[in-house]
Structures are given as C-alpha cells and as structure tokens.
Amino acid sequence: MVRRLHIAESVEIPENVTVTVDGLKVVVKGPKGELSRDFSYARDITIRLEDGRVVVEAFLADRRKKALAGTIAAHIRNMITGVTKGYRYKLKIISSHFPMTVVVDEKNRIVRIKNFIGEKADRIAKIYGNAKVKVSGSDVIVEGLDIEEVGLTAASIERATKIPDRDRRVFSDGIFIYEKGEAV
C-alpha cells in the first residue's frame, strides 16, 4: 500500500461567514445561524485556517486517512452552505385509498400521521435537532441549517408510512421525498 507524504483538502470561506477552529472542533457562523461540529474521532487529521480557507490535512496518509480528510472537508462545506442558504426537503402526501391527516406537534417534536390506510392508531415520526416542519396542502416541507438533521427528519417521516408486503406500484399511499436541496 502506497502512503502519500501529505494530503490537503481546502474549503473556501465566503465573506459573510466566519469559521473558528479549536483543535478538531469547528464552529461556522453565518447570516442564518451557527453550526458547530467536533471531529475528535479523526485522530490523524489536522484542521487549520489559512488565507480565507479551512485546510484539512493528513501526513503519511493511507487510503483511510485520505478518505477521512475528504469527508471532513465535505462536512465543513455543508456547514458553510447551511449557515448561508440552509437546506430544504419536500415530501408529497399521497393518499388514494383513505384520506390521511398530517399534524406537526412542535411541543413534543413529532409529526403525527392520522388515518393512514384507515388505521386507528397514529403513526409518529420524530423531528431531529432544530429542523422545522410545516404542512401546506399535500406537501410537507422540512427546513433547517444542518443537512443531517433535515435529512433524518425527512427520512423519519417517509419511513413512518412505509408499508411492508404491499406492492408499491398498486398501493401507493404514503409520504415520499420528491425534492431535496438548498433552501435559498
């Protein structure tokens, strides 16, 4: 296995964003808010600021360290995008057999899906972190700064309406993700 002497991934920092690095903890502040992340699990990686860029580097890097440096750089890019634009996932409510109702319970941080395929018990999906969920017509919109929280919340809502042992082509009731991207 060939080891490279030095691997460096760099991430550009826009003017309206400030990034602070304390060891392996990165804090990104922007116009929409603040995100922080601890990369202390990456022992052989170094993160530093240099000339308006965040540099993620590793020395004597094998394949695993190179992949880890790229992953951390991608996480920092996603954090910068989150505090400048934010993320939005859109889900479509499809009910051809029974009319279902979707209600967001902000107090308990859950989404209740009522009367799904005629069931008496509500199906419940968890809202992760600081993600915001709103229902407008037949759309469920999940927005937030952290891409992981938004993705987990959308997946939780979609997974709550998954029906095992049914043919999706015939029985298409459920809530499905149809668009993901930046909130802009």
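Predicted, not measured: the structure shown is a model, and the values here were computed from it.

**Let's talk about the overall build of the protein**
When helices and strands are tallied, the protein shows 2 helices and 13 strands. At a minimum sequence separation of 6, the contacts of the protein that also span at least 24 residues come to 59%. Just so you have it, the protein exposes about 10700 Å², and 50% of that area is on carbon and sulfur atoms. Of the side chains in the protein, 33 bear a positive and 26 a negative charge, and the two mean positions are spaced by 3 Å.

**Focus on helix α1 (residues 63-84)**
Here α1 spans 32 Å end to end across 22 residues, near enough to the 32 Å set by a 1.5 Å rise per residue. Among the residues making up α1, those that are buried are Lys-65, Leu-68, Ala-69, Ile-72, Ala-73, His-75, Ile-76, Met-79, Ile-80, Thr-81, Gly-82 and Val-83. Gly-86 sits one or two residues past α1 and shows a positive phi near 90°.

**Structural notes on a nonpolar patch on the surface**
Where nonpolar side chains cluster on the molecular surface, the patch consists of Leu-5, Phe-59 and Leu-60 and spans about 340 Å² of accessible area. Counting through the fold element by element, Phe-59 comes out in strand β6 (residues 53-61). Phe-59 sits in the partly exposed class, given a relative accessible area of 47%.

**Let's talk about the sheet that holds strand β13 (residues 174-182)**
Sheet architecture is open: 4 strands sit in the order β11-β12-β7-β13, paired in antiparallel fashion. Strands at the two margins of the open sheet, each flanked by one partner only, are β11 (132-136) and β13. Sheet twist, expressed as the average angle between the axes of neighbouring strands with direction ignored, equals 20°. The sheet contact formed by β11 and strand β12 (residues 139-144) spans 5 bridges and is antiparallel. Within β12, the residue paired with Lys-134 across the bridge is Ile-141. Each of β7 (87-94), β11, β12 and β13 is contacted by helix α2 (residues 147-160), which is oriented at about 5° to β7, the strand it contacts most.

**Observations concerning the side chain of His-75**
Mapped onto the elements, His-75 comes out in helix α1. Each residue touching His-75, except ones within four places of it in the same chain, is listed here: Arg-37, Phe-39, Tyr-41 and Glu-148.

**Concerning the UniProt feature "domain: Large ribosomal subunit protein uL6 alpha-beta" (unreviewed entry) in the protein**
What UniProt calls "domain: Large ribosomal subunit protein uL6 alpha-beta" (unreviewed entry) maps, in this numbering, to residues 13-86 and 98-174. Here residues 13-86 is 30% helix and 41% strand, with 16 Å between the C-alpha atoms at its ends. Segment residues 98-174 splits into 18% helix and 34% strand. End C-alpha atoms: 10 Å apart.

**Quick look at the nonpolar core**
Counting 25 residues, the largest nonpolar core has Val-26, Val-28, Ile-45, Ile-47, Val-56, Ile-72 and Ile-76 as the members making the most contacts within it. Residue assignment for this core shows that the elements contributing at least two residues are β1 (4-12), β3 (25-29), β5 (45-50), β6 and α1. The element contributing the most residues to this core is α1, with 8 residues. Excluding anything up to four places from it in sequence, Val-56 contacts Ile-7, Ala-8, Glu-9, Ile-45, Thr-46, Ile-47, Ala-69, Ile-72, Ala-73 and Ile-76. Counting residues in each nonpolar core, the second largest holds 23 residues, with Met-100, Ala-131, Val-140 and Val-142 among its members.

Rules used throughout
Residues numbered from 1 in each chain as written. Predicted model: local features only at pLDDT ≥ 70, side-chain atom pairs only at ≥ 80, totals over all residues. Heavy atoms only, no water. Helix = DSSP H or I, 4+ residues; strand = E, 2+ residues; numbered from the N terminus. Contact = heavy atoms within 4.5 Å. Areas by Shrake-Rupley, 256 points an atom, 1.4 Å probe, with all protein chains shown as cover. Lys, Arg positive; Asp, Glu negative; His and termini not counted. Charge placed at Lys NZ, Arg CZ, Asp CG, Glu CD. Expected span 1.5 Å × (residues − 1). Buried < 20%, exposed > 50% of the residue type's maximum accessible area, 1.4 Å probe, protein only. Patch = residues over 30% accessible without salt bridge, like charges linked within 9 Å, V, L, I, M, F, W, Y side chains within 5 Å. Salt bridge = Lys/Arg side-chain N within 4 Å of Asp/Glu carboxyl O. Pairing = 2+ DSSP bridges. Axes fitted to C-alpha atoms, helices over the stretch in contact; angles between N-to-C directions. UniProt positions renumbered as here; feature names shortened; annotations may be inferred. Core = buried A, V, L, I, M, F, W, Y, C linked by side-chain atoms within 4.5 Å.

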